[in-house]
Amino acid sequence: MNKNIVLCGVGGQGTVLASKLIAAAAMKKGLGVMSAETIGMAQRGGSVFGNVRIGSDLFSPMIGKGQADIIIGFECGETVRMLPYLKKGGYVVSSVRSIMPTTAALGDTGYSAQPMTEYLKNNVAEGRLSLVDTLEAEKELKSSKVMNLVLLGAAVRTGVTGLSEDDIISALPDAVKPEFIELNTKAFFFTK
Amino acid sequence: MHKEFLMGNAAIAMGAVAAGVDLASGYPGTPSTEVLENTAKLRPEGVYVEWSVNEKAALEVAAGASYAGARCLVTMKQMGLNVASDPLMTLEYIGVKGGVVILVADDPGPISSQTEQDTRRYASFSKLPCFDPSSVKEAYEMAFEAFEFSEKYGTPVILRPTTRICHAYASIDVRDESEYVTHKPEGFIKDSKRFVIFPRLSFKNHGNIVKRNDELSEVFSNDPRNILTPPGKNSKKGIAAGGISYAHLMEALKDIPDDDKPSVLKISTPHPFPYSLSERFMRDRDEVLVLEELEPVIEDELLKTAGKYYLSTKVSGKHTGDVRAAGENSIDDVFSYVSKFIGIKPLEEPSDVLSDAPSLPVRPPVLCAGCPHRASFYAVKRAMKGKKTVFGGDIGCYTLGNAMPLDMVDSCLCMGAGITIPQGIGHIEPDTRCFGFVGDSTFFASGITGIVNAVYNQSEMTVIILDNSTTAMTGHQPHPGTGHTLMGDVVEKVDIEKVLRGVGVTHVETVDPLDLDKAIEAVKRADSKKGVKAIIFRSPCVALIRKGRALKIDENKCIRCKKCIKEIGCPALSVEDGRIVIDGSLCNGCSLCERICPTGAIKKEADHE
Ligand code: SF4
Ligand code: SF4
């Protein structure tokens, strides 16, 4: 069975590294991988996504609506935006953090995390949602740069990606500079 | 052979290197940029690479190298080909000696472009063969094969992937280094009858090209890259597709029972079109659907096929309104087109679960926190407040200066037009203060001629050069002003100030835009002078420098006037439960907001008492 993984967030949050790691881990196991991501203007703070597909009979790198086995959301509003891509009974791992775009800061409508996380709780099947307190993780890890690994760790532990913790850890050296492996490993196990 | 997980653009680079490319040139542009970057990274000993000053220069340099027998790769995005169209149109009449592959990346959507133009149309306009890959794997193989093909038929070849191929990744089989072709250019042998274009030569070669393309249509009809699969026994229908739409189509057909499957025609060579093959595809079909992005190229060719061979097959697609005319074909679009055409309901209709969701914020791209362009725009805005002005914008990150609250881009057309559009407005409305904004890379690519035009034709304008010492939008490529090349050589910088003075701009000032007061003064000074004036706002791109310490807002001093947000719109500034806050992970301490806050509430952390 093919695995479809959707990553989403805001430009600059490190979704690209997370999809690279998933792909590298799957390749090491001899699985076929295709992926796609946002490159270009939207990387400047716009909504960005990554699609990763693992399996043997893949043609398109893109994931259609209702096809994702799991959504890994780096910003809770962006997670909500991508929900139509989730399969029935699919998993959602999302940061509780919201990032206010300047358009919202300028107006008076406001934008905050709480209604988004509420919506996720009401719309993702029982036991399939994991909300990750990335603010807490940032404080504890003293870095804001490794939230991708924190979320990836939580995603892998749902079991739905078909990849194990060891698969990801052994792929780390391919994607991360040696001096950052320790921090990234710590981040990966943060929610354990 | 071995397996690698590659981005489409990296796969293309690897295919070209494996084919023994001798020279690669190009100009950055999303989604094509990584092709040349990866070629440079992989570059075997003796291979020459360059970021040319623009696409026209890139193609001409490659043409010269090809005359000397070299295999050449030229890279650009679709609009870059407009710039390179002058040499392109004539090069086909001259032909090539060493293989020339022109990589032109199209951008359906568009995602990062001004137009949705289709390079396949350029291929038929310029009479060049065109390869259109539908996967990363195919992009790799086509890049490899195109050089030999180019030499065999003496013509440049256009390789035309789209964004979803360029920026997709796949694990694919690639050649080991020991399997690479080694290619030795023969050298340039003088032959003015061959390399100097004259009307008589054009006439002769025009006829030859038309004949050759007829022959290529047959060759492509038997090319295994154009695939014709027969229909299931219940189907009288067919679907033709090219590019990523073919990949989506193959996903959609997985759910359809074999007996109901339509015949499928995959077009990998949209020009010259393989007519004998398309005739075979259409002959026994009642109706065919065409899935492609941008222009209805395949669709037009199938209509032509119907006319040529007196077929009564109905052709559906963009012309009939069955397929979207603009924008990219998402995989969901293709699923719904296919199920509607075949008359089979999809197993599961994608549900729109979002109808009851809390309203999601729009999230347009913005200038980064601490971007010096924000300061430059703001300085001009403040200096010119209350005056009748026009601000010509150009192509680069700084196009984003149009967003609220800066709202400092009144026009944006194409590379270089930020300088010339205000000239036109100024001639019609002489009481308007005209400003043209241009980035450093764009200045070299196509800004200089516009400035010469202004000086020569006595325009009244201020040119603002936003010099952040890189080509930021496309991922930080070097250019003539940076002092280093793609080969890694350190070279003499081409000095923007000297260029401006050299072409006759007498008032030129270089200022740090983050020094707000001085920047505003400089703008006022330039504006008060006659003729063509220039200000170079020089400050490095924030993505290239070490992040400075974030600033903090003193809650006791902040009166929540929101002036900081409303004046400059830095994405690090936001509102949290009514309080104004700075996101420490985004702020890079540029201190622009500090200079705007009326109460002195924003300060470096250490300065808070
Ligand atoms: S100092 Fe102010 S304007 Fe500059 S990056 Fe930080 S928040 Fe943005
Ligand atoms: S400008 Fe100063 S006082 Fe006004 S909202 Fe911003 S920090 Fe507060």
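Residues numbered from 1 in each chain as written. Chains lettered and ligands numbered in written order. Predicted model: local features only at pLDDT ≥ 70, side-chain atom pairs only at ≥ 80, totals over all residues. Heavy atoms only, no water.

### Focus on the overall build of chain A
Within chain A one finds eight helices and six strands. Mapped from its N terminus to its C terminus, chain A presents α and β elements in the order β-α-β-β-β-α-β-α-α-β-α-α-α-α. The globule rule puts the C-alpha radius of gyration for 192 residues at 16 Å, and the 16 Å found for chain A is close to it. Seen along its three principal axes, the alpha-carbon backbone of chain A occupies a region of about 50 × 40 × 35 Å. A buried classification covers 57% of the 192 residues belonging to chain A. Counting only contacts in chain A whose residues sit at least 6 apart along the sequence, the fraction spanning at least 24 positions is 63%. Here chain A has roughly 7600 Å² of accessible surface; of this, 53% comes from carbon and sulfur atoms. (Helix = DSSP H or I, 4+ residues; strand = E, 2+ residues; numbered from the N terminus. Rg over C-alpha atoms; globule rule 2.2 N^0.38 Å. Buried < 20%, exposed > 50% of the residue type's maximum accessible area, 1.4 Å probe, protein only. Contact = heavy atoms within 4.5 Å. Areas by Shrake-Rupley, 256 points an atom, 1.4 Å probe, with all protein chains shown as cover.)

### Quick word on the interface of chain B and chain A
In this assembly, 57 residues from chain B lie in contact with 57 residues from chain A. Summing both sides of the interface, chain B and chain A together bury roughly 4600 Å²; the carbon and sulfur share of this comes to 62%. Among the residues of chain B in contact with chain A, F5, Y169 and R363 of chain B are the three that bury the most area, contributing 16% of the side total. Counting every contact that joins chain B to chain A gives five salt bridges. With its nearest N and O atoms 2.5 Å apart, the salt bridge here joins R97 of chain A to D583 of chain B. (Buried area = accessible area lost by both parts, 1.4 Å probe. Salt bridge = Lys/Arg side-chain N within 4 Å of Asp/Glu carboxyl O.)

### Concerning helix α12 (residues 275–283) of chain B
Burial analysis of α12 of chain B places seven of its nine residues in the buried class, which makes it a mostly covered element. If you check which residues of α12 of chain B are buried, you get Y275, S276, L277, S278, E279, F281 and M282 of chain B.

### Some thoughts on the pattern of salt bridges
With the rule as written, the count across this model stands at 49 salt bridges over all chains. The closest approach of N and O atoms between E251 of chain B and R53 of chain A, which form a salt bridge, is 2.8 Å. Here R53 of chain A lies in strand β3 (residues 47–54) and E251 of chain B lies in helix α11 (residues 244–253), a pairing that spans two chains. Given the relative accessible area of 5%, R53 of chain A is considered buried.

### Considerations on the packing of aromatic side chains
Residues and elements named next belong to chain B. All chains considered together, the criterion is met by 14 aromatic pairs over all chains. Where F149 meets F220, the ring centres are 5.6 Å apart and the plane angle is 15 degrees; that geometry is what we call stacked. In this pair, F149 sits in helix α7 (residues 136–153) while F220 sits in helix α10 (residues 199–221), placing the two residues 71 residues apart along the sequence. Judged by its relative accessible area of 12%, F149 is buried. (Phe/Tyr/Trp six-rings, centres within 6.5 Å; stacked < 30°, edge-to-face > 60°.)

### Thoughts on the packing of helix α3 (residues 55–67) of chain B against helix α5 (residues 85–94) of chain B
All names here are of chain B. The geometry of α3 relative to α5 is characterised by a closest axis approach of 9 Å and an angle of 20 degrees between their N-to-C directions. On the basis of the axis angle, α3 is roughly parallel to α5. The two elements α3 and α5 cross, and the hand of that crossing is left-handed. From α3, K56, L59, E60, A63 and Y67 reach across to α5, where they touch D86, P87, L88, L91 and I94. (Axes fitted to C-alpha atoms, helices over the stretch in contact; angles between N-to-C directions. Parallel < 35°, antiparallel > 145°, perpendicular 65-115°, else oblique. Left-handed = near helix turned anticlockwise from the far one by under 90°.)

### Focus on the site of ligand 2
Around ligand 2 there are 13 residues in total, and C558, C561, K562, C564 and C597 of chain B lie nearest to it. Partitioned by chemical class, the residues of the shell around ligand 2 number nine nonpolar, one polar and three charged. (Near = heavy atom within 4 Å. Nonpolar A, V, L, I, M, F, W, Y, C, P; charged D, E, K, R; others polar.)

### Considering the domain arrangement of chain B
Taken as a whole, chain B is organised into domain 1 (2–197), domain 2 (227–342), domain 3 (372–544) and domain 4 (551–607). On a C-alpha basis, the centres of domain 2 of chain B and domain 3 of chain B stand 48 Å from each other. (Domains from an automatic or database assignment.)

### With respect to the sheet that holds strand β6 (residues 129–132) of chain A
Two pairing modes exist for strands in a sheet, parallel and antiparallel, and in both the strands are linked by backbone hydrogen bonds. Strand order in the open sheet formed by eight strands is β6(A)-β5(A)-β4(A)-β1(A)-β3(A)-β2(A)-β8(B)-β1(B), with mixed pairing between adjacent strands. Because the sheet does not close on itself, it has two edges, and the strands there are β6 of chain A together with β1 (2–7) of chain B. In this sheet, adjacent strand axes meet at a mean angle of 20 degrees when their direction is disregarded. For strand β1 (residues 3–10) of chain A and strand β4 (residues 68–73) of chain A, the ladder comprises four bridges, and the chain directions are parallel. What sits directly across from I5 of chain A, in β4 of chain A, is I70 of chain A. (Pairing = 2+ DSSP bridges.)

### So, unusual backbone geometry
All names here are of chain B. Residue P31 follows T30 across a cis peptide bond; omega there is 10 degrees. Tracing the backbone shows P31 in the loop between β2 (23–26) and α2 (33–42). Cis geometry is found at the peptide bond from H271 to P272, where omega equals -15 degrees. You will see that L294, though not glycine, has its phi angle at about 65 degrees, which is positive. Turning to its location among the elements, L294 is positioned in the loop between β12 (287–291) and α13 (297–308). Using a relative accessible area of 5% as the deciding quantity, one classes L294 as buried.

### With respect to the environment of G98 of chain B
Residue and element names in this part refer to chain B. Tracing the sequence through the fold places G98 in the loop between α5 and β5 (100–105). Classification of G98 as buried rests on a relative accessible area of 1%. In the structure, G98 is positioned 394 residues away from E492 in sequence and 31 Å away in space, judged by C-alpha atoms.

### A closer look at the site of ligand 1
Near ligand 1 the following residues occur: A369, G370, L551, I568, C570, A572, C587, N588, G589, C590, S591 and C593 of chain B. In terms of residue class, the shell around ligand 1 is built from eight nonpolar, four polar and no charged.

### Comments concerning the packing of α11 of chain B against helix α14 (residues 331–342) of chain B
Residue and element names in this part refer to chain B. Axis separation between α11 and α14 bottoms out at 9 Å; the angle between their running directions is 55 degrees. Between α11 and α14, the crossing angle belongs to the class labelled oblique. Here α11 runs over α14; the crossing is right-handed. Between α11 and α14, the contacting residues are S245, H248, L249, E251, A252 and L253 on the first element and I331, V334, F335, V338 and I342 on the second.

### So, the sheet that holds strand β18 (residues 532–538) of chain B
All names here are of chain B. Taken in spatial order, the five strands make up an open sheet running β14-β15-β16-β18-β17, and their pairing is parallel. If you trace the sheet from one side to the other, it starts and ends with β14 (389–392) and β17 (507–511), each paired once. Averaged over all adjacent pairs, the angle separating strand axes in this sheet is 20 degrees, with direction ignored. Each of β14, β15 (433–439) and β16 (461–467) is contacted by helix α16 (residues 417–428), which is oriented at about 170 degrees to β15, the strand it contacts most.

### Points about the confidence of the model for chain B
Confidence in the prediction for chain B averages 94 pLDDT; 98% of positions are at 70 or higher. With pTM at 0.94, the complex prediction returns an ipTM value of 0.92. (pLDDT = per-residue confidence, 0-100.)

### As for the pairing of strand β20 (residues 573–576) of chain B
Residues and elements named next belong to chain B. In this sheet, strand β21 (residues 579–582) lies alongside β20 in antiparallel orientation, the contact comprising four bridges. What sits directly across from V575, in β21, is I580. A loop of two residues connects β20 with β21, the two strands running antiparallel in sequence, and D577 in this loop sits at a positive phi of about 50 degrees.

### A look at the side chain of R164 of chain B
Residues and elements named next belong to chain B. Among the structural elements, R164 can be located in helix α8 (residues 163–166). Among the residues examined, R164 registers a relative accessible area of 12% and is labelled buried. One polar contact links R164 to E328, side chain to side chain, over a distance of 2.8 Å. (Polar contact = N/O pair within 3.5 Å; in protein donor to acceptor, adjacent residues only side chain to side chain.)

### Some details on the environment of S178 of chain B
If you trace the backbone, S178 of chain B turns up in the loop between β8 (168–174) and α9 (192–195). Exposure remark for S178 of chain B: the relative accessible area of 70% places this residue in the exposed category.

### Here's the deal with the pairing of β4 of chain A
Residue and element names in this part refer to chain A. In terms of burial, β4 is largely enclosed, as six of its six residues are buried. Where β4 lies against strand β5 (residues 86–95), five bridges are found, and the strand directions are parallel. By the bridge assignment for β5, G73 is matched with S94. Since β4 and β5 lie parallel, the crossover through helix α2 (residues 76–82) that links them has a hand, and here it is right-handed. (Right-handed = clockwise from strand over helix to strand, strands pointing away.)

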